[in-house]
Each structure stands twice: as structure tokens, then as C-alpha cells.
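# Overview (structure and organization)
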Amino acid sequence: VCENSTPSVTDEKSSSPSSEQRLIKRPRIDHWEQYIAAAMSLLLRRWARLSERLVREVQLENVWVSLRVANRGRDRPDQTPGSVDRGSRTPEPDGDYGSMESRVTLETFLQGCAGKVTVLVGQSGSGKTLLVSCLGQQWARGLGPLPSSYLFVLLEFRQLNVLSRPLSLSELLFRHYLPPKGGDNEKRAIVDYLLSNPEQSCWVLDGYDEFHSKLNRQEVQRELLDPENPLPVADLISGLLNRQLLPGCTVVVTCRVRDVIDLEGISDKVGQLLGWDCHAIREYVHNFFGVKGHSANRALGVQAADLLLSTRHLLAMSSLPALCNICCICLEHLLLEGRDAGRTQTPEERGSEARKKDDKGVQMPGGGRGEEGSRGRSHAQRGDQGGRRRGSEDIMMDVTNGRAQVPPTQVQIPSTLTQVYLTGLSAFLSRDLDKRGRNDTPETASLPQSAVCPQTTLSRSELCELTQLAWKGLEGSKILFMEEDVSQDVLEFSIRTGLFSQV
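None of the values given here were measured: they were computed from a predicted structure.

Turning our eyes to something else, we now look at unusual backbone geometry. Most peptide bonds are trans, and most residues other than glycine sit at a negative phi. Even without a glycine there, the phi angle at Arg 243 is positive, about 65 degrees. When you line up the elements, Arg 243 lands in the loop between α7 (233–241) and β6 (250–255). Even without glycine at this site, Leu 246 takes up a positive phi of about 50 degrees. Mapping Leu 246 onto the fold places it in the loop between α7 and β6. Take Leu 246: its relative accessible area is 5%, and that puts it in the buried class.

Now for the sheet that holds strand β7 (residues 269–273). Taken together, the 7 strands give an open sheet; going across it, the order is β2-β1-β7-β3-β6-β5-β4, and neighbouring strands pair in mixed fashion. The outermost strands of the open sheet, each flanked by one partner alone, are β2 (103–105) and β4 (151–156). For this sheet, the mean inter-axis angle between neighbouring strands, taken without regard to orientation, is 25 degrees. One ladder, built from 6 bridges, connects β4 with strand β5 (residues 201–206); its direction is parallel. Bridging across to β5, Phe 152 finds its partner in Cys 202.

Next up on the list: the side chain of Glu 186. When you line up the elements, Glu 186 lands in helix α6 (residues 184–196). An unpaired buried charge is present at Glu 186: no salt bridge exists, and Lys 181, the closest side chain of opposite charge, is 8.4 Å distant. In this structure, Glu 186 is in contact with His 31, Gln 34, Pro 180 and Lys 181, ignoring residues within four places of it in sequence.

By the element assignment, Leu 146 lies in the loop between α3 (128–140) and β4. Along the backbone, Leu 146 and Ser 201 are 55 residues apart, and their C-alpha atoms lie at a distance of 9.7 Å.

Below, the discussion takes up the packing of aromatic side chains. Overall, the coordinates contain 9 aromatic pairs when judged by the stated rule. Considering the side-chain rings of Phe 157 and Tyr 208, the 5.6 Å spacing of their centres and the 70 degrees angle between planes classify their relative orientation as edge-to-face. Remark: Tyr 208 occurs in the loop between β5 and α7 and Phe 157 occurs in helix α4 (residues 157–160); sequence separation between them is 51 residues. Judged by relative accessible area, Tyr 208 falls into the buried class, the value being 2%. Taken together, a centroid distance of 5.2 Å and an interplanar angle of 45 degrees make the contact between Trp 276 and Tyr 284 tilted. Grouping aromatic residues by their ring pairs yields a cluster made of Phe 157, Tyr 208 and Phe 211. Against the face of Trp 64 rests Arg 103, its NZ or CZ located 3.9 Å from the ring centre. Across from the ring centre of Phe 109, 5.0 Å away, lies the NZ or CZ of Lys 269, which sits over that ring.

Rules used throughout
Residues numbered from 1 in each chain as written. Predicted model: local features only at pLDDT ≥ 70, side-chain atom pairs only at ≥ 80, totals over all residues. Heavy atoms only, no water. Helix = DSSP H or I, 4+ residues; strand = E, 2+ residues; numbered from the N terminus. Buried < 20%, exposed > 50% of the residue type's maximum accessible area, 1.4 Å probe, protein only. Pairing = 2+ DSSP bridges. Axes fitted to C-alpha atoms, helices over the stretch in contact; angles between N-to-C directions. Lys, Arg positive; Asp, Glu negative; His and termini not counted. Salt bridge = Lys/Arg side-chain N within 4 Å of Asp/Glu carboxyl O. Contact = heavy atoms within 4.5 Å. Phe/Tyr/Trp six-rings, centres within 6.5 Å; stacked < 30°, edge-to-face > 60°. Lys NZ or Arg CZ within 6 Å of the ring centre and 35° of its normal.

As C-alpha cells, then:
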């Protein structure tokens, strides 16, 4: 009996440490999974807020990226995890990723990005921030190129700028991304799991061009950094990119074209967002006016699309999504104003006004004349754009069936980029009147109406405060402001009209 009992006692003692390890490891995994679930909820809420005013659905398979050659540092080892860690995804070859002539969808471009540093380049207004937010919500729904078992961390450089004191990696994660619900034990468990499994995390760093600091490039691989050691934010981000922190994690960086040089030797893969073509622009314009829900606006959408596609500088601007939105806001403002003005005029008055404009030229928004104002050809629809003159009427040809139609509205198209922005500003400032009713404006808020300073509920001092804030942002290269930077009335007005959004 004694001989048989001895091995059993030995087995109990030898198995005891592994049992304790399992008891420790299971809660750690549970805390990790709970933290991932909380991150999913955070990104879904973020997307719901961002997508409230979207004109059309964002689909990564319909976004095109031009591949660029990535100059990879020779001394950097490949940190790409194996196929098991990547969810059996097929790895992509390293090195030359093609020329600017080759293009793929964004969804295809991001395939195989696990364990690598991927850079997405785009002009201002090309939609980088919106696309990485879309990527986050797809991850939260179990879709897209990143496995749902990964931790998706989305940080914006514009918000990292406000962090002045040194931070540890865990402080950056828990204080400025997502604080866990539990206490210190849960934080320790999440950090331990992250450090033991860095390949199961994806760090998306949006808007490097807005970062006030510069990244440190390491030509030769150096020793790992202590993640618990407080460092300046720039050093933390540099550590992630140089594989001195969480080696093997996935990193996606967005920036403008001019700033990609800072990431040479760091990035494994670089792609540049391509602009919209005419078909995408026309689709967006129709959706913009169709989303409004007014049947009259849908009719204006057809005219707006024709105006935009036949106006060279508006068409060039509209290849970028953000500028296309501004052009649509301008056209909506001008077309609706023209339509409302037309309702208060008799046909004889409209004909007399048209003859005066032909004789004297058209005054452009902002107080100046267009390039052809002296020749009286600043109308959006001109004779050489499918129409011809018959007395005092403008007759347009319907190219689909050859029938002559009277154009619904004559508008003055801004001829310069400055005038486009001023018209867009006029549209935003007058939105509050549309919501409250134009006859409901307090007397103290009345301002002389013009293209630069339209009717608005803002007082003159409040309008000056808003312009000073814009100038401050321009000089400081920032678009993120604290609540204390703005008076309460101006803040409420700006949020109400869409000039500001809360983050």
C-alpha cells in the first residue's frame, strides 16, 4: 500500500504548480476578453456618432488605394506572426509593394497587415479618420481584415497632443483610450496578457500630420523598452513603430503625403488613398440631396450634379470626399436661395435682371467678380454648356431626349477656392435661422447681410470670437479645442449648426 501511495503523492505535488498556473491564467484571459468586448462597444458608439451625418455608406471594398514602394530598414527583423496567430491568413511578400500605377481596394490592401507597420497616406479631406473608424466598427462586428480576438486600439494624434507629461504604456491605454471597469487587479491582468501576447493587439494611430512632435527613427534595432517606465508620448509611439514596445503587434498609421518621409525605414507597407472619379462624385451628390428627404431637394440634386460636373474647379475639389461635401453644401445653399428669390419675382423682373447681368457682369460672392464677370458670363449654365438664348429666356437642352427645358434655377458659382469656403461658411451660419425660423431672429443678432456675412443668429462679437478661434487653429495647426476655449453661446451655436462636433 505504501509503495503504491508514494507515486500518487508525488504526482499531486508535481501537478500542483500547473494547476495554480491554470487558475491564474484563466482569470487573466477572462479580463482580456472583457476588455476586448468593452473596446468593441466603444468603437461601435464612436461609429454611430460619426455616421449620423454620413451621406452614403462607407465600404472598404469600394475605397481604392495606390500601392507605393516601402523602404524597409535592413536591420529590422520581420515581426510578422505565424499563420496560426494571424488566423490562417496568407502572408504577403515583404519588400517591393508595387508602383503608384497599381491599385487595390482598401480591404485588399489591409489583408496581411497583421504584425506589420502599415501606412495609409492621403490628402487632407480624403477620409482617413472616417476610414479607420469604419475599420474599427468592422472589427467590432467580426468583419474586416483584423481578427476579433485582437485588441483594437484607436488613438488620434490630435488628442495625443494634449498629453504633456510622461506616461507608461498602460497609462496611455487605460487613461486615454479605455479605462477598464475593474480595479488594479484587472488592469494588471490585462497588461500581463498584452505583454505576453503582443501579436494579439492592433494599434491604429490616426493623423500623424497633426502631431506636434516628431517620431524617433532607430536605424539599428535597439533593446526593448520597459512598458511600465513613463515616457513622453512621442517616445511611446516611436517605441511601438520601432518594435521596442510590443514587438509583433500590428500598427496602422495614417498621415498626409508630405509626412510619409518620417516613416521611411519603419513601414512595411505604404498605400495612398485615391480620389473619387466622376461616377462616385455624381453618386455622392445625388445621395446628398436624396438623404435630405425633400422631393424638391432631389430635383435640385440633378441640377447640382450637372453644375458640379460641368464646373472645372468644383469638379477638381470634389475628388476629395470632404471637399465634395463642402461643394454640395455650397450648391444647396445657392440653389435654395436662388429658388426662393425666384418665387418672389415676376417673369418680367427675372428677364430684366438677367439682361442686366449680361450687360454688367455678375457680382461674385465675397464682393469680387469672377474671371469672366466683365463679359457677363458668370452664370452657372452658359450658352456653351448646352443652352442658347431666346429673348429674355434661357433655354436648356435635355441631352437625354433632346427636349428644350427652362432651367429651374440660375445661380452664381463661386469662381475661387476662397469664395467656395465663404459660401460654405454662409450656409453653416444661416442654418440656425432655418431651424429657428427666419422671422425668429433677435434684434441684437442682426448683421448686414452679404456673401461674407450672411444673416445669422450670432451677434457681431460672437462672430468675431468664432473667426478668431478659427485663426488661432490655423496658426497653431490644430482643429481640436477645449470647451474653455469657446464661450457657451458660441459653442452651442457651433454644435447646433455643425461647425463643431464633440469628441
